[in-house]
Amino acid sequence: MDAEPATTGPAGLIARLRAKLTGGSNEASLTRRLAGTIFIIRVISAGLAYFSQVLLARWMGTSDYGIYVYVWTWVLLLGSMMDFGISASAQKIIPEYRTSGEHALLRGFLSGSRWLTFAVSTLVSLALAGIVKLLSPWIDPAEVLPLYIGCMTLPAFVVANTQDGIARSHDWMQLGLMPQFIIRQALIIGITAAAFLLGYHLGAVAAMVASAGAVWIAMTGQMVVLNRKLADHIEPGPKTYDIGGWLAVSLPILLVESFYLLLSYTDVLVLQQFRPSDEVGVYFAVVKTLALVSFIHYAMSATTAHRFAEYNALGDKARLSAYVAHAINWTFWPSLAATIVLLALGKPLLWLFGTQFTVGYDIMFVAAIGLVVRAAIGPVERLLNMLGQQKICALAYALAFVMNLVLCIALVPRFGGHGAAAATSISLTFETVLLFWIVRQRLGLHVLAFGK
C-alpha cells in the first residue's frame, strides 16, 4: 500500500521512518495519521484519567474509591450498550449512504439517530432508577445515591457515544474523541479538585456528581460543534428516517459491542461481589495502568471501521485485504512494545495511587497476556461487523463472555484479583482463536500479525 524509500544510511532510515508514520496521501498513510491522532488523544486522556484516579484514590480512600469505581463501571457498561449499537453502525451506515448518494437518508440519520438514542436512554435510565429503588434494601446504603447519580449520567453518555460515531465517520477524530476523553477528564479533575480545596468531603457521592456534570457539559459542547460542522459539510434538504433499517444493521452490532463490554467489565463487577472494596480499587488501578495497550487497538478500530465498509461497498477486495493486513500489523507490534514498557514501569506507576496499590503489580503480568494475544489479530471484530458478519461475531463474543463469567465466579472468591486477571486473559485468548478462525472461514483472509 506504500512504497518504501530507496535511500540507505542514516538519512534513509529517517526517511523511511517518516514515510511509515506520516508519508503519502493514500489510505495507509491517512490511516496512520488518523490512528496516531486517536492514540495521542487516548494517551493524553489516559494521563488525565490516571491523574484523576490517583487524586480520587488518595482523597477518597480505598473503600469510597472502590464504590465509585463500581458505580462508574456500571455507567460505562450500560451507557455503551444503550445506543442500540448506532455509535458503531454509524461507521457502516454513513459511508454506504454517501457511496450510494442517498442524501435524504444521510441527513435523516445524522439527526434522527441522536434523538432516538437520547429518548430511549432517558426512558431506560428512569427504569433503572426504579430498579435501584426496589433493590435498595439489599444494596449497600453507601452505593444507593451514587447509583441514582449514575442513572442521571446515562442519557448524556449515550448521546456522546452516538456523536462520536458520526464524527469518526467523517474523519473528524478530534471532535469525536476529545469531548469524551480529554474535556470530560479535565472537568472531573477540575470539579473534584475544587470541591476538595473548598473543604467538602470527597466521597463516592461527590465524585459521581463531578463525573455526571463533566459528561453532560462535554456532550453539550460536542453537539454544538458537530452541528456546525455538519451544516457546512452536508447540503440542506429533505430528511428520510429509516429507523427499521438502522436497527437492522445496529442491533447485531450491539450484540457484539455488548458482549465485548461484558467481557471487559465482568472481572470488576464479579470482584465487587466476592471481595472487599479496597481489592476492587487495587485491581482497577492495575487495569488503568495497562489501558495504554488497549488504546492502540481502539485507535486502529476507530480509524479503520468505516473504511472497511467503504472498500467492501466498492467491491475492491484487493484493497480491502491489504488494508486489513496493514491495520493488524499497526495494532500488534505497538501493543507488544507498550506492554513491555508498562510491565517494566508497573510498580512505580501503581505507587502513584498509594503505597497500598503496589500489591497489584504481579496481577499486571497475568492481565497483560490476554491483551497481547488479542492484539495479534487487530481490529477484526470491526471487519466482521462492517462486512455483514455481525451475528457470528456476536456469537464468538458471547461464548468468550460466558467463559469469562464462569471462570471469574470460579477463581475470584479464592484468588481475588489474580483470579479475575487469569479469567479475563484465558477468555481473551479463546476469543482471539475464534475470531481468527471465523475470518479465515467466512472471508478467506489471514488475520494474524505473523505467518501466512
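What you are looking at is a predicted structure, and each value in this text was computed from that prediction instead of being measured.

A.B. asks: A description of the overall build of the chain should follow, citing residues and the corresponding values.
C.D. replies: Summing up its helical and strand segments, the chain has 16 helices and 0 strands in all. In terms of overall size, the chain behaves like a compact globule, its C-alpha atoms giving a radius of gyration of 22 Å where 452 residues would be expected to give roughly 22 Å. With the principal axes as the frame, the chain shows a C-alpha extent of 60 × 55 × 40 Å. In the chain, buried positions account for 54% of the 452 residues. Restricting the contact set of the chain to residue pairs at least 6 apart, pairs at least 24 apart contribute 81%. Surface accessibility of the chain: about 18,800 Å² in total, with carbon and sulfur atoms responsible for 70%. Positive and negative charge centroids in the chain, built from 30 and 23 side chains respectively, lie 4 Å apart.

A.B. asks: Tell me about a nonpolar patch on the surface, and please be specific about residues and values.
C.D. replies: A contiguous nonpolar patch, built from I131, L134, L135 and W138 and spanning about 500 Å² of accessible area, is present on the exposed surface. Considering the arrangement of structural elements, one finds L134 in helix α4 (residues 103-135).

A.B. asks: Explain the side chain of D164 to me, and be specific about the residues and the numbers.
C.D. replies: As for its placement among the helices and strands, D164 is situated in helix α5 (residues 141-169). Owing to a relative accessible area of 3%, D164 belongs among the buried residues under this scheme. Here the side chain of D164 touches Q180 through a polar contact of 3.3 Å, side chain to side chain.

A.B. asks: Give a description of the pattern of salt bridges that names residues and reports values.
C.D. replies: Applying the stated criterion across every chain yields a total of 5 salt bridges. Here R168 makes a salt bridge to D164, at a shortest N to O gap of 2.8 Å. Taken as a pair, R168 and D164 lie in helix α5 at a separation of 4 residues, close to a single helical turn. Just as R168 is buried, D164 falls in that class too. For E381, the salt bridge goes to R374, with nearest N and O atoms at 2.5 Å. Accessibility assignment for this pair places E381 and R374 in one class, buried. Shared partners join several salt bridges into a network, and the residues in it are R374, E381 and E431.

A.B. asks: Which residues make up the nonpolar core, and what values go with them?
C.D. replies: By size, the foremost hydrophobic cluster in this structure holds 68 residues, and its most contacted members are Y65, Y68 and F353. A per-element tally of this core places helix α2 (residues 27-81) first, with 16 residues. Non-local contacts of Y68, meaning those with residues more than four positions away in its chain, are made with Q53, L56, M60, A204, A207, M208 and S211. Residues V380, L383, A396 and I438 belong to the second largest nonpolar core, which totals 54 residues.

A.B. asks: Provide a residue-level description of unusual backbone geometry, including the pertinent values.
C.D. replies: Its identity as a non-glycine residue notwithstanding, F84 has a phi of 65°, on the positive side. Within the element layout of this structure, F84 appears in the loop between α2 and α3 (86-100).

A.B. asks: How would you explain the packing of aromatic side chains if you had to name every residue and give the values?
C.D. replies: For the coordinates displayed, the defined rule picks out 8 aromatic pairs. Consider the rings of Y68 and W72, whose centres lie 6.4 Å apart with planes at 10°: the pair is stacked. Of the two residues, Y68 and W72 both sit in helix α2, 4 residues apart, roughly one turn of that helix. Judged by relative accessible area, W72 falls into the buried class, the value being 7%. Three or more aromatic residues joined by ring pairs form one cluster here, namely F109, Y241 and W246. Note that K229 overlies the ring of W172, its terminal NZ or CZ placed 4.9 Å from the centroid.

A.B. asks: Which residues make up the environment of Y148, and what values go with them?
C.D. replies: Relative to the assigned elements, Y148 resides in helix α5. Separated by 20 residues in sequence, Y148 and L128 place their C-alpha atoms 8.5 Å apart.

A.B. asks: Hey, could you go over the side chain of S80 for me, with residue numbers and the actual values?
C.D. replies: You can see S80 is positioned in helix α2. A polar contact of 2.7 Å, which involves the side chain of S80, links it to the backbone oxygen of L76. If sequence neighbours within four positions are ignored, S80 has contacts with V75, F157, N161 and L261.

A.B. asks: Let's hear about the packing of helix α8 (residues 243-274) against helix α9 (residues 277-289): which residues, and what values?
C.D. replies: When two helices pack together, you describe them by how their axes are tilted relative to each other and by the distance separating the axes. Running from N to C, α8 and α9 point in directions that differ by 160°, and their axes come no closer than 8 Å. Our classification of the angle between α8 and α9 gives roughly antiparallel. As α8 runs across α9, the sense of the crossing is right-handed. Taken together, the residues of α9 that come into contact with α8 (itself represented by D267, V268, L271 and Q272) are S277, E279, V280, Y283 and F284. Its residues assigned to classes, the contact of α8 with α9 comprises 5 nonpolar, 2 polar and 2 charged.

A.B. asks: Please give an account of the environment of V132 that cites residues and values.
C.D. replies: Examined against the element boundaries, V132 turns out to sit in helix α4. Separated by 308 residues in the primary sequence, V132 and R440 have C-alpha atoms spaced 45 Å apart. For V132, the contacting residues outside a window of four places in its chain are I139, V144, L147 and Y148.

Here is what the cut-offs are and how they apply
Counting restarts for each chain, with residues numbered from 1 along the sequence as it is written. In keeping with the predicted nature of the model, local features appear solely for residues at pLDDT of at least 70, side-chain atom pairs appear and are counted solely at 80 or more, and the whole-chain, interface and lining totals rest on all residues. Only hydrogens and water are removed before side-chain values are computed, so all heavy atoms of the structure are retained for them. What counts as a helix is a DSSP run of H or I of at least four residues, what counts as a strand is a run of E of at least two, and both are numbered from the N terminus. Just to be clear, the radius of gyration here is over C-alpha atoms, and the globule rule we use is 2.2 Å times residues to the power 0.38. Burial classification: accessible surface area is computed with a 1.4 Å probe over protein chains only, and a residue below 20% of its type maximum counts as buried, one above 50% as exposed, and the rest as partly exposed. We call two residues in contact whenever any of their non-hydrogen atoms come within 4.5 Å of each other. All accessible-area figures derive from a Shrake-Rupley calculation using a 1.4 Å probe, and residue coverage is judged against the displayed protein chains alone. Charge assignment in this entry is limited to Lys and Arg as positive and Asp and Glu as negative, and neither His nor the chain termini are counted. Lys charges are placed at NZ, Arg charges at CZ, Asp charges at CG and Glu charges at CD. Only residues above 30% relative accessible area that lack a salt bridge enter a patch, with like-charged residues linked at up to 9 Å and the nonpolar side chains Val, Leu, Ile, Met, Phe, Trp and Tyr linked at up to 5 Å. Basic side-chain nitrogens of Lys or Arg form a salt bridge, by our definition, when they fall within 4 Å of a carboxyl oxygen of Asp or Glu. Side-chain atoms alone can form a polar contact between residues adjacent in sequence; in general such a contact is a pair of N or O atoms within 3.5 Å, and within protein one must be able to donate a hydrogen while the other accepts it. In plain words, nonpolar cores are sets of buried Ala, Val, Leu, Ile, Met, Phe, Trp, Tyr and Cys residues tied together by side-chain atoms within 4.5 Å. Any two of the Phe, Tyr and Trp rings considered here, Trp counted by its six-membered ring, make a pair once their centres fall within 6.5 Å; the pair's planes then place it as stacked at under 30 degrees, edge-to-face at over 60, or tilted in between. Comment: the charge-over-ring label is applied if NZ (Lys) or CZ (Arg) is within 6 Å of the ring centre and within 35 degrees of the ring normal. The convention used is that axes are lines fitted to C-alpha atoms, helices contributing only their stretch in contact, and that angles between N-to-C directions extend from 0 to 180 degrees. Angles are sorted into four bins: roughly parallel if under 35 degrees, roughly antiparallel if over 145, roughly perpendicular if 65 to 115, and oblique for all others. Should the near helix be turned anticlockwise from the far one by less than a right angle, the crossing is left-handed, and should it be turned clockwise, the crossing is right-handed. Residues are grouped as follows: Ala, Val, Leu, Ile, Met, Phe, Trp, Tyr, Cys and Pro are nonpolar; Asp, Glu, Lys and Arg are charged; every other residue, Gly included, is polar.

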